[in-house]
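Remarks on the overall topology
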Amino acid sequence: VDKAWKELSNILSGIFCASLNFIDSTNTVTPTASFKPLGLANGTDHQLLRYAVLPREVVCTENLTPWKKLLPCGSKAGLAVLLKAERLFHSSYHSQAVHIRPICRDASCRAVSWELRQTLTVVYESFYSGQGKKDWSLFKMFSRTITEACPLASQSKIYVDISAKDKEKELLEVTPSPTSLHEAIVQGEKRTYAVYDLLSPSLFNTSRSLNVQLKWKQPQDSLELSTPILHAHRYVSGYGLQTGKISTLIYNTHPYRAFPVILLETVPWYLRLYVHTLTIITKGKENKPSYIHYQPAQDRRQPHLLEMLIQLPANSVTKITIQFERALLKWTEYPPDPNHGFYVSSSVLSALVPSVIATKEVDMEQSPLFTSLFPSSDGSSYFMRLYTEPLLVNLPTPDFSMPYNVICLTCTVVAVCYGSFYNLLTRTLHVEEPSKGGLAKRLANLIRKIRGVPPL
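Residues numbered from 1 in each chain as written. Predicted model: local features only at pLDDT ≥ 70, side-chain atom pairs only at ≥ 80, totals over all residues. Heavy atoms only, no water.

The chain is annotated in an unreviewed UniProt entry as GPI transamidase component PIG-T from Tinamus guttatus.

Below you can see the structure in the form of structure tokens.
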């Protein structure tokens, strides 16, 4: 499995022009409860599963171009026309993903196919980019409009969230008029979406391009966003460069429902965790996990792995703390900018969050897009996986000017010594006998003698 994992990371690194080839045993773990194989795979044997994170990897245009080439129409038609790198990377948040899994080609599962799903997530600050207005359009965000659907696509749609808290005051207006409206329950809330079917022939009859616009009938200074039921925050505390503490705050804002959550912590080997200092406090009381799995790190071989199943009471904040000690690396193991710090990968939270509004199985069958993006186990809960922010930890850093001075001094001494020895070994010495001189020299000495000047 490790050999196949190494080959897979190198192949993906070449395809997407990313530094995924830096995935090795020092940042790879085998989780037991947080993840499971998807598709036609053995979902019980966790030894076949690998999980790795490169917290310092930054997505750039070099990764977007090969990602767009995997699309059926590339960036020539369909929604991919909007993927202009200049505008995408000017956003507040950008993320792209590729999901590959084996699926059954038919109901009898006699043939197996590979499903490739590509997702792109972009967050725009419309209030700041729109000169103080929250109105937006496809042209304002992407500097492009949609001219046609991808001819190879069997389904191509645009969903615009037009949900309003107060049904009596409709403040949103979308143009042009959508082809249909769709209601779905997304993460426990009922949402209304305006649907634009790009395969509908009536959509491009009036104009050759589609520019979806959303306008507010009244000026909106600030909109109160609803607090999610499950969210988390992670930070590093402590002083000095020897010991520190990693703290994770998990919030359950549900008014009356408690639910468990699986926490996955991956810490590099150069942070020595003290597992006996692990504390879980909820509402001032100790909260003992019902399941815990810890795999200690090995220096320069594997990181720490900590998995816990924690029960979150209703309307509570759970604080998880663990102390660590910083290790001193070899001077060749430091990056080019060691004073910037070292990144610690994000924690992963997996939970079945209870829903306020119950969904029906019929609704889930009618909205395959939302069930794939927001999977739900039944009508009373939905699955959510959260990633906290990565941490930036400072390590003890030696004086890198001293190795530089030693290298310069050594190179200078070697160059001087080598040059001297080379001259002694390769130079040939010739003894020149003094010559008596010719006629010109004798004439010159005669003139100098008449003048009273010493001869040459």
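1. Some details on empty space enclosed by the protein
Gaps between atoms show up when a probe of the same size as a water molecule is rolled over them. A complete count under the given rule lists 1 cavity of 30 Å³ or more for this structure. Estimates place the volume of the largest cavity at around 50 Å³. If you go around the largest cavity, the residues you meet are Ile246, Glu265, Val267, Leu273, Leu278, Leu306, Met308, Ile320 and Ile322. Of all the elements in the fold, those that place two or more residues in the lining of the largest cavity are β13 (259-267), β14 (271-282), β17 (304-312) and β18 (316-326). Across the lining of the largest cavity, the residue classes tally to 8 nonpolar, no polar and 1 charged. (1 Å grid on protein atoms, 1.4 Å probe; cavity = no way out; pocket = protein on both sides within 12 Å on 5 of 7 lines; lining within 4 Å. Points joined across faces, edges and corners; volume = space filled by probe spheres on them. Helix = DSSP H or I, 4+ residues; strand = E, 2+ residues; numbered from the N terminus. Nonpolar A, V, L, I, M, F, W, Y, C, P; charged D, E, K, R; others polar.)

2. As for the nonpolar core
Counting 34 residues, the largest nonpolar core has Leu230, Tyr270, Leu271, Met308, Ile320 and Val353 as its most contacted members. Non-local contacts of leucine 230, meaning those with residues more than four positions away in its chain, are made with Ile250, Tyr251, Phe259, Leu312, Ala351, Val353, Met384 and Leu386. By size, the runner-up hydrophobic cluster in this structure holds 26 residues, among which are Leu64, Met141, Ile146 and Ile162. (Core = buried A, V, L, I, M, F, W, Y, C linked by side-chain atoms within 4.5 Å. Buried < 20%, exposed > 50% of the residue type's maximum accessible area, 1.4 Å probe, protein only. Contact = heavy atoms within 4.5 Å.)

3. Digging into the layout of surface pockets
By volume, the second largest pocket amounts to about 770 Å³. Taken together, 23 residues make up the lining of the second largest pocket; nearest its centre are Thr26, Asn27, Leu54, Tyr270 and Phe342. The set of elements that each furnish at least two residues to the lining of the second largest pocket consists of β13 and β19 (342-344). Per-class residue counts for the lining of the second largest pocket are 13 nonpolar, 6 polar and 4 charged.

4. Section: the sheet that holds strand β8 (residues 180-186)
Reading across the sheet, the 3 strands line up as β6-β9-β8 and stay open at both edges, with antiparallel pairing between neighbours. The open sheet terminates on both sides in strands that have one partner only, identified here as β6 (157-161) and β8. Ignoring which end each strand starts from, the neighbouring axes of this sheet average 35° apart. (Pairing = 2+ DSSP bridges. Axes fitted to C-alpha atoms, helices over the stretch in contact; angles between N-to-C directions.)

5. With respect to the state of the cysteines
Two cysteines whose sulfur atoms are joined by a covalent bond form what is called a disulfide. Evaluated as defined, the whole model comprises 2 disulfides. Disulfide pairing is shown between cysteine 73 and cysteine 150; the S-S distance is 1.8 Å. In this structure the cystine formed by cysteine 73 and cysteine 150 twists about its S-S bond by roughly 75°; its chirality is therefore right-handed. One end of the pair, cysteine 73, is in the loop between α2 (61-69) and α3 (85-88); the other, cysteine 150, is in the loop between α5 (138-142) and β6, with 77 residues separating them in the sequence. Cysteine 150 gets classed as buried once you look at its relative accessible area, which sits at 11%. Paired through a disulfide, cysteine 104 and cysteine 109 show a sulfur-sulfur distance of 2.0 Å. Note on the cysteine 104 and cysteine 109 pair: the S-S dihedral is about -70°, so by sign convention the disulfide is left-handed. With relative accessibility at 31%, the residue cysteine 104 sits in the partly exposed group. For the chain, numbering the cysteines in disulfides from first to last along the sequence yields the connectivity 1-4, 2-3. Not part of a disulfide, cysteine 60 finds its nearest cysteine sulfur in cysteine 17, a span of 8.6 Å. (Disulfide = S-S within 2.5 Å.)

6. Digging into the pattern of salt bridges
Opposite charge on two side chains lets them pair, provided their charged atoms get close. A complete count under the given rule lists 7 salt bridges for this structure. Two residues, arginine 191 and aspartate 161, come together in a salt bridge whose shortest N-O distance is 3.2 Å. Taken together, the residues span a long stretch of sequence, with arginine 191 in strand β9 (residues 189-197) and aspartate 161 in strand β6 at a distance of 30 residues. Residue classification places aspartate 161 among the partly exposed residues on the basis of a relative accessible area of 32%. Residues arginine 272 and aspartate 299 are paired through a salt bridge, measuring 3.4 Å at the closest nitrogen-oxygen approach. Residue arginine 272 is located in strand β14, and its partner aspartate 299 is located in the loop between β16 (291-295) and β17; the two are separated by 27 residues in the primary sequence. What makes arginine 272 partly exposed here is its relative accessible area of 33%. Classification of aspartate 299 as partly exposed rests on a relative accessible area of 40%. (Salt bridge = Lys/Arg side-chain N within 4 Å of Asp/Glu carboxyl O.)

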